[in-house]
Structures are given as structure tokens and as C-alpha cells.
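Single-letter residue listing:
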Amino acid sequence: MPRRIIKPRGMRGFSMYVRALSAIAGLLLLAAAPVDLATKFGVRESIESISLSPDGKGIAFVAPNGSAGTALFTVGLEGGEPKLVLATTDAAQSLSNCGWVSDARLVCQVVGTVKYQDYLLDVSRIVGVDRDGRNQKLLSEKTNETQTRLAVFGGNIVDWLPGETDKLLVGRDFIPEARGNTRLEQKLDGYGVVRLDARTGAVTRSENPKRDAEEYISDGQGRIRIMGLRPAAGASGQMGATINYFYRTKTSDEWRPFGALKTGMTANQEGLNPYAVDSTLDAAYAMRKVGGRLTLVRVALDGTLVETPVFAHPQVDIDGVVTLGRARRVIGVTYVTDRRETVYFDPALKALALSLSKALPGKPLVRFAGASRDEQRLLIWAGSDVDPGRYYVFDRATKNLAEIMLARPELEGRALATQTAITYPAADGTLIPAYLMLPPGSTGKNLPAIVLPHGGPSARDEWGFDWLSQYYAARGYAVLQPQFRGSDGYGDAWFRNQGFRKWAVAIGDVNDAGRWLIKQGIADPAKLGIVGWSYGGYAALQSGVVAPDLFKAVVAIAPVADLALLAEQYRGYTSFALARDFIGVGPHLRDGSPARQAALLKSPVLLFHGDVDSNVKPVQSKVMREALAKAGVKHELITYPGLDHYLDDSVVRADLLRRSDAWLRSAMKLPAD
């Protein structure tokens, strides 16, 4: 690593142009109206995904297209203007997982949510396109009326086949046909793998489909080494709780037992969970729970299954391996304490990441977002709590680093709130980790404040930029994000309460976050609110039920309101039994459902929901609205047509921020501006 990092002359003009394009992509749709704080923070990230071409001479990136659409651009790193390659115009379809299958061609997934009878279905398709936008081609199997079930899954990339041009291994759902026993009838059934020509669409079968198949893992060189089968639970056809993994040696096609992973409530993530295969080591990297925490192990695939511990952390779970390039070479392991950490196996990349974090302003988080075929050019992302993120290209031969794009150019130069890791005591004395944000320039005392529980419940917050909490901090609120018991990443002892079955523990921790803000003098007791999304919305509503005098206003975005209704939304799906097991049965379905306890609420409640939300169905907010109306509690429900759980629309997100802020200010008797 050189002593200093410089920007090569040949990329300066490109950097300026693409940064300007980032700003235009984020703000063009807002040109007709004044750009207020809600607009600045609500606008979608200018770069939703990005990848480096195999030759290292170009990039492809997905950016917003208007308010809710997405667009794929390509551009050469040595100059030229970005080229629009593909675009969607609204939230009904979006581009994702776009990657280079050669220096001249890309493959993307098109995803969306559609209504079918009484169901909301997540649908995907794979498309191919040249880097100049020509030769667009649907690569997923075409549907027809003779198929015996709906073709909603368009396939996933199993191996990018980096040593070949325009070829892929794709996981595909084989659907039987009913054509009256003709020779043309498709009889194969289940999930298998095909070898796909991304230019012509021609396929040859690589792995015969199996009805119970759920996962295939390749070695990054075109050979499937691991397969996961999830047998149905009895004759009901319901999805089972155990995945049985099998593996192959390098020289045999015979499947041998690798290990089993139990995923149900009683044994969450018990067993061996393979993540990647290293062809050079002839081994798989897998997660295994030791002492109630997930650790990383390496398992030999030579027939011996010798297992070697690789990394464990004494306080938190390992949550993934880090890969690089189209071959998905494993370069490290990652986990989150107060911040995300990465332990690199590659000494050169370890040294580079450390040097960049020290050299770049603010000592940001650094990750390797892509690499050329020879790994001589690296695509790098860097960001922090006060930096939404920026992208660089690093040339290892010349030791030059060029900043090329900003994730949120509209916030460039604006003072953002720092995020501080703290702990606070729950009622039983347990120390709860959390993140505290104070408004920039504030005294940190006697402030309007918000408790912001995360979604999930099997999720967690981590240190870094967050558009929702940063907006509220910019509007003058202190924001506390509790990692309540039931949050993911802290081991079994923390996770086992699950959020729903033992909801009182999780909600108690959330309420204690508000009490801590008051006790510390940070929050004015008359100006404390709670805001949450998904499970966080549930926590916001249920906290208002349990502690009706604590929070003066409740904002719930896409919330769960009735636990029995949540389980019921999976009826008709093969995952119904697992969902019911996760949510549980018993008195907690009544006591833990805010819609059934609405009469206990005292604070005004504002609800938001997209009307094609397949994660938490819109009926949850409608049921909550009816219960609040019956109880005489002040409330309002805002429904956004055509949007799913994530409300991925810049105008809508700005509207949500603006309305929620106004709701909080009204309840707290704060000035409107």
C-alpha cells in the first residue's frame, strides 16, 4: 500500500460526470417543488447496486428512474457518457442483482409483486442485455397455460462461470405440464440447475430437478458441490423445518451426506449451514452453532468431512462470509459488534482495507464491492454514520484510488448526526445495547425524542447511515434504536424470546429505552414518541398498549397488529406450519395483539401501509384502524397504492417523513417548522 492515495488524471472527468449523474438521478423528479428535508432524506439512494466489468474497464449501476422506477446504466472508466441500458417506470417492477456475464453483456433480475386471486405473489424473471442496451432477451423459461402451477420464480444465479463468456449456471423451477401425455409434455418437477447461454437463451440441464431441493452451491468454477433438500413435513405437503445437505467430491457425481440444519423454533440454526465452497482448498465454509453462537468452520469435501474451526466471536454471532468477484472467492468473515467488522483471510486485502479506512476522511467502514477478472482493479465502497457512502475504483498496479460516485449526493456537505453505541438497563437489570443519535448542534438535554425499534424481529440495527433516523435527528429529535431481546446476532440467549411468543420481554426492553431517555435528561417526558416499521411498527403499537402514558405519539409503518391474523396470512402457502410455529399459539395471540387491546391506547396513532405488501399484508393496518375507531383513539391510516413493504418510492418516502414529523409535532405541541 502506498504512503499516499492519489486520483489518476484519466478518471477525473468521469468522476465528476457520474457524481453529477447521481445527483440528477436522485433529484430530477423533485425539480418542480422546493427541496425540503423530507425530500432530501426520503429520496432513494442514487446507486442501488453496482458492479465492475470482468476486464475492469467499465461499471454497471442501477439507479432510480423517476420516483419509483429503476434504470441500469453502463459507463467506461476511461471516459464517455453513461449509457441507459434497461429501465422500469414504476414500483410494479424493479431491477436487481445486475452483473456482468462478459465484458459486453449483463444479466439482471426483474422483480415485483402481483395480485393473484386472494394472494400477493413475489415474481421474478431473468433478462440479458448488451452493455449498449441492445439484444435484450428474456432468459427465464417462458410460461404457458399447460403448467400445473404458477411460474413465479424466474431463477437465480448459482455460478457466474468466470472462465467462460456469456455462460451461467442458473437455478430454475421445473414445472410439470398437462398436455394429454404428448411427447412434448414437461414432466420434470422441482428445483434444478441449467447451464444457460445469456446471449442466445439456450439451456442444457446441469442438475436434474428434485421436488425437495432448496439450494445449490457451486465451487465458482462451474461444478455444483453442495445440495440442500428440505423434505416436506409429513403428508400435508407443508415445508419441513430441517434442511439435509449433501456434497460431492471433486472426482465423483455421487451425493454424500454433509449435515443437517434445523431451522424451526425449538432448534433455530442448529447443525451445519454451508455458505460457500473454496475450490482451491477443496472445502466448504459453513456456520455451526457453538455455545449458543454461530461460528465459522471449514469442512473438507475430499470425503473425510474433517471440520476445522475458522472464527468465533465471544459476544456475537458470525453472520456471513465475504466474497469477491464473479468467482465469489471467499476472502473473509463478517460480524457486527457495535460496528460491522470483517476478518480478512487475504493478507493483501486486509492491509488495503485497513489503509483505506485510516486514509479516507472520518475512518469509514470499507468493503470490497467488486473486482476485475484478475483482481487488479477493485470496486470499493466506504461510508459511516455521517457519510451515506461513496464508491471508488482502486488500481493495484498504479496504486491509484478514484472516487467515482456518491450514494446520496443531495446530502453531500450537510452535517449529519453521529451514531453512538450505548447500553441501558432493562427493568430486570439486563443491559440492552442501543444506538443513540442527537441532533447536530444540540445540547443533548430536554429534547423531543423518538424510540425507533427495528423490524424483524430476527434482525438488528448496526452502525452506519440510516435515512429514517437521520431525518428525525435533522428535525431536532433525539433518536434511540434499541436492540431488544429477540434481536438477531447476539446468540441464542438473546434471540430465543423471538419477539412474538415472548413479546412482553421485547416490548419491555423497548419501553425501557424510552424511560432511559427521560431518566438521562435527554428526552422531555412530554415530548417522547415512538416510530417503527414492520415488527418495529408492531412494537410501537404494543408499547402504546403496555405503557399508554409513556409515548405521546405512535407512528407505525407496515405494522403487525394481530398475531393470529399474521399467522393466517400464510395459509395456503407451504410455509404456513413454520410461520405458525414461529408466531406460536396460546393467550399471547390475544394479549400481544395491539388491535385486540386498542382500548388501552391513549396516544394518537398514525399508520402507513403499501397496498401490495406481501410481507405484512395491508389488512393488518386496516384491522388496527377499525379497532382504534371503535376505541375512540385519534388515528389516521395512509395507504400507498402499488407499493410493497418497503415503500421504495422517493415521493412516497418524502411524504411519509413529512406526515410523520407533523403528527409527532402536533402530539408533542412542537412548532410546525
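Residues numbered from 1 in each chain as written. Predicted model: local features only at pLDDT ≥ 70, side-chain atom pairs only at ≥ 80, totals over all residues. Heavy atoms only, no water.

1. Overview of the overall build of the protein
Note the threshold: The helix count covers DSSP runs of H or I at least four residues long, the strand count covers runs of E at least two residues long, and both are numbered beginning at the N terminus. The reference for a compact globule is 2.2 Å times residues^0.38; the radius of gyration itself is calculated from the C-alpha atoms. Summary of the burial criterion: residues with accessible area below 20% of their type's maximum are buried, those above 50% are exposed, and those between are partly exposed, where the area comes from a 1.4 Å probe applied to protein chains only. The contact criterion used is simple: two residues touch if any of their non-hydrogen atoms lie within 4.5 Å. Throughout, the Shrake-Rupley method with a 1.4 Å probe supplies accessible areas, and for residues the shown protein chains are the sole cover considered. Positive charges are assigned to Lys and Arg, negative charges to Asp and Glu, while His and the chain termini are left out of the count. A single reference atom marks each charge: NZ on Lys, CZ on Arg, CG on Asp, CD on Glu.
Along its length, the protein carries twelve helices and 37 strands. Here the protein has a C-alpha radius of gyration of 25 Å; the compact-globule value for 673 residues is 26 Å, and the two agree. Its C-alpha atoms give the protein principal-axis dimensions of roughly 70 × 65 × 50 Å. Counting the 673 residues in the protein, one finds 56% classified as buried. Restricting the contact set of the protein to residue pairs at least 6 apart, pairs at least 24 apart contribute 57%. A total of about 27,900 Å² of accessible surface is found on the protein, and carbon and sulfur atoms cover 51% of it. Positive and negative charge centroids in the protein, built from 81 and 71 side chains respectively, lie 2 Å apart.

2. Let's talk about the state of the cysteines
Our working rule: Two cysteine sulfurs form what is called a disulfide whenever their separation falls within 2.5 Å.
Summed over the entire model, instances satisfying the criterion amount to one disulfide. Put simply, cysteine 98 and cysteine 108 are joined by a disulfide, and their sulfur atoms are 2.0 Å apart. Every disulfide takes its handedness from the sign of the S-S torsion; for cysteine 98 and cysteine 108 that torsion is 120 degrees, giving right-handed. Of this pair, cysteine 98 sits in strand E5 (residues 94-100) while cysteine 108 sits in strand E6 (residues 105-116), and the two are ten residues apart along the sequence. Take cysteine 98: its relative accessible area is 11%, and that puts it in the buried class.

3. Focus on the packing of helix H6 (residues 503-519) against helix H7 (residues 535-546)
Put simply, the rule reads: Each axis is a line fitted through C-alpha atoms, and for a helix only the stretch in contact is used; angles between axes span 0 to 180 degrees, taken between their N-to-C directions. Here is the rule for angles: anything less than 35 degrees is roughly parallel, anything more than 145 is roughly antiparallel, 65 through 115 is roughly perpendicular, and the remaining ranges are oblique. Each residue gets one of three labels, nonpolar for Ala, Val, Leu, Ile, Met, Phe, Trp, Tyr, Cys and Pro, charged for Asp, Glu, Lys and Arg, and polar for the others, Gly among them.
At a closest axis distance of 9 Å, the pairing of H6 and H7 adopts a crossing angle of 80 degrees. The angle between H6 and H7 places the two elements in the roughly perpendicular class. Only Tyr535, Tyr538, Ala539, Gln542, Ser543 and Val546 of H7 make contact with H6, whose side of the interface consists of Trp503, Ala506, Ile507, Val510 and Asn511. Of the residues belonging to the contact of H6 with H7, the class tally is eight nonpolar, three polar and no charged.

4. Concerning helix H11 (residues 619-631)
This is how the line gets drawn: Every helix has an expected span of 1.5 Å times one less than the residues it contains. Note that the arc is defined by the directions from the helix axis to the C-beta atoms.
Between its first and last C-alpha, H11 extends 18 Å over 13 residues, near the 18 Å set by a 1.5 Å rise per residue. For H11, the set of buried residues is Gln620, Ser621, Met624, Ala627 and Leu628. On an axial view of H11, the arc spanned by its buried residues comes to 125 degrees, and they lie on one face. Seen from the buried face of H11, the exposed residues on the opposite side, beyond 90 degrees, are Glu626 and Lys630. Those residues of H11 hidden inside the fold are in contact with H7, helix H8 (563-568), strand E36 (605-610) and strand E37 (635-640).

5. A word on the sheet that holds strand E11 (residues 190-197)
Inclusion rule: Pairing between two strands is assigned when DSSP locates at least 2 bridges connecting them.
Pairing is antiparallel in the open sheet, where four strands are placed in the order E9-E10-E11-E12. The open sheet has two edge strands with one neighbour each: strand E9 (156-159) and strand E12 (203-210). In this sheet, neighbouring strand axes are inclined to one another by 30 degrees on average, regardless of whether the strands run parallel or antiparallel.

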